[in-house]
Amino acid sequence: MREIPDSTDGGITAVEGLALGHFTLEERPTGCTVVLAEDGAVAGVDVRGGAPGTREIALLDPVNSVQEAHAIVLSGGSAFGLDAASGVVRYLEERGIGYQAGDHVVPIVAAAILFDLGVGGGSARPGPTCGYEAARAASAAAPAEGSVGAGAGATVGKLGGRGRAMKGGIGTASITLEDGLTVAAVVAVNAVGDVIDPATGEIVAGVRTEDGTGFADARVLLRAGEVRPPGDDASVENTTIGLVATNASLSKAEITKVAQMAHDGLARAIYPAHTPSDGDTLFGLATGKHEDEGGLSRIGALAADVVAEAILRAVRTATGLPGLPSASDLTSSGGRGS
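Thresholds applied
- Counting from 1, residues in each chain are numbered in the order their sequence is written.
- Owing to the predicted nature of the model, reporting of local features is limited to residues with pLDDT of at least 70; listing and counting of side-chain atom pairs is limited to 80 or more, with chain, interface and lining totals taken over all residues.
- Excluding hydrogens and water, the side-chain values take into account all heavy atoms of the structure.
- The aromatic pairing rule takes the rings of Phe, Tyr and Trp, using the six-membered ring of Trp, and pairs them if the centres are within 6.5 Å, calling planes under 30 degrees apart stacked, those over 60 edge-to-face and the rest tilted.
- Each helix corresponds to a stretch of at least 4 residues labelled H or I by DSSP, and each strand to a stretch of at least 2 residues labelled E; elements are numbered beginning at the N terminus.
- Buried residues are those whose accessible area, probed at 1.4 Å on protein chains only, stays under 20% of the maximum for their type, while exposed residues exceed 50% and partly exposed ones sit between those limits.
- Either the NZ atom of lysine or the CZ atom of arginine qualifies as a charge over a ring when it sits within 6 Å of the ring centre and within 35 degrees of the ring normal.
- Should any heavy atoms of two residues lie within 4.5 Å, those residues are counted as being in contact.
- For every element, the axis is a line fit to its C-alpha atoms; helices are fit only across the contacting stretch, and the angle between N-to-C directions ranges from 0 to 180 degrees.
- An angle below 35 degrees is read as roughly parallel, one above 145 as roughly antiparallel, one from 65 to 115 as roughly perpendicular, and any other as oblique.
- Each crossing gets its hand from how the near helix is turned against the far one by less than a right angle, where anticlockwise is left-handed and clockwise is right-handed.
- Any residue that is not Ala, Val, Leu, Ile, Met, Phe, Trp, Tyr, Cys, Pro, Asp, Glu, Lys or Arg is counted as polar, Gly included; the first ten are nonpolar and the last four charged.

A. Representation of the packing of aromatic side chains. One pass over the structure, following the stated rule, counts one aromatic pair. For the pair Y91 and Y132, a centre-to-centre distance of 5.6 Å together with 80° between the ring planes defines the contact as edge-to-face. Highlighted residues: Y91 in helix α1 (residues 84-94) and Y132 in helix α2 (residues 128-136), separated in sequence by 41 residues. Per residue, the accessibility class of Y91 equals that of Y132, and both read buried. Above the plane of the ring of Y132 lies R90, whose end atom (NZ or CZ) is 4.0 Å from the centre.

Here you go:
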């Protein structure tokens, strides 16, 4: 069997032309993450969750005229967090970056949010200042992961109620092939269910047992009917949001197809996914720096791979909070971690 190339450690910024910045609020665990494409990148999106919170989604439809976006914002704070995009728009406008509309420059900034208002009290939310500062901090260096930016207040494993949940986070992964093709992802993981390693089937983070020391396994709970109904402390407000990017030269329809295929990685690594109470959303960016000869199918398949890996990295690099242990906390305490 031929060896499968490992993902690189550059994450989303391994794609030339992209920069990433986080800003985490001090008042409580929440924040936003911004991916800048200051030269513009062909953009698409695919929304699979039944309760999304988004901005500029219609603009990214392949039938509509604007082809490129200049930034993607991932934010905590539920619908309030969509305001973070306004700060990114201001940051880009100050630098003359955007869509030329007559005498005006209009930055194209799309965004998606996750629900983290139940972590540390919901009165502090990401807003325009968060977006501006995250954009100002953006760089092409390997990004920080875990409990930062949009992942600061993310949680997973809430099918047994909040008291049995664990800490989520934000992760990033990339792969560069010998011919120069790069495909990468950044994902903020705030799932209601479990995060599962597709390579082994083992749970990495998720619903804990009642004593809090191991995993109850969402797959078992759902089949046994042992899940909390909506309306109690199970916190059905969840979402996994992210971005897949490539240096390939793609059309708007093609990068949209890549975003669609990338959701396979989300479904491999999270159970359950795409539920009626999730806002699962993946954006796509293509910077056009590389002429790929391998075809769209190859890019989409790799996008699913890096999304799954970014999800695993999100929970493995997360830092626990009181009552919300991280994957590493459970492993170090002798629980059934992976």
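Past the structure itself, the notes keep going.
B. Examining the side chain of T172 more closely. With respect to the helices, strands and loops of the structure, T172 is situated in strand β10 (residues 169-176). Not counting residues within four places of it along the chain, the set of residues in contact with T172 comprises G11, I12, P143, E145, A185, V186, A310 and R313.

C. Focus on the packing of helix α4 (residues 252-269) against helix α5 (residues 296-316). Running from N to C, α4 and α5 point in directions that differ by 40°, and their axes come no closer than 7 Å. Accordingly, the angle class assigned to the pair α4 and α5 is oblique. Seen along the crossing, α4 lies across α5 with a hand that is right-handed. Contacts between α4 and α5 involve E254, K257, V258, M261, A262, D264, G265, L266, R268 and A269 on the former and, on the latter, L296, S297, I299, G300, A301, A303, A304, D305, V307, A308 and I311. Of the residues assigned to the contact of α4 with α5, the class counts are 13 nonpolar, three polar and five charged.

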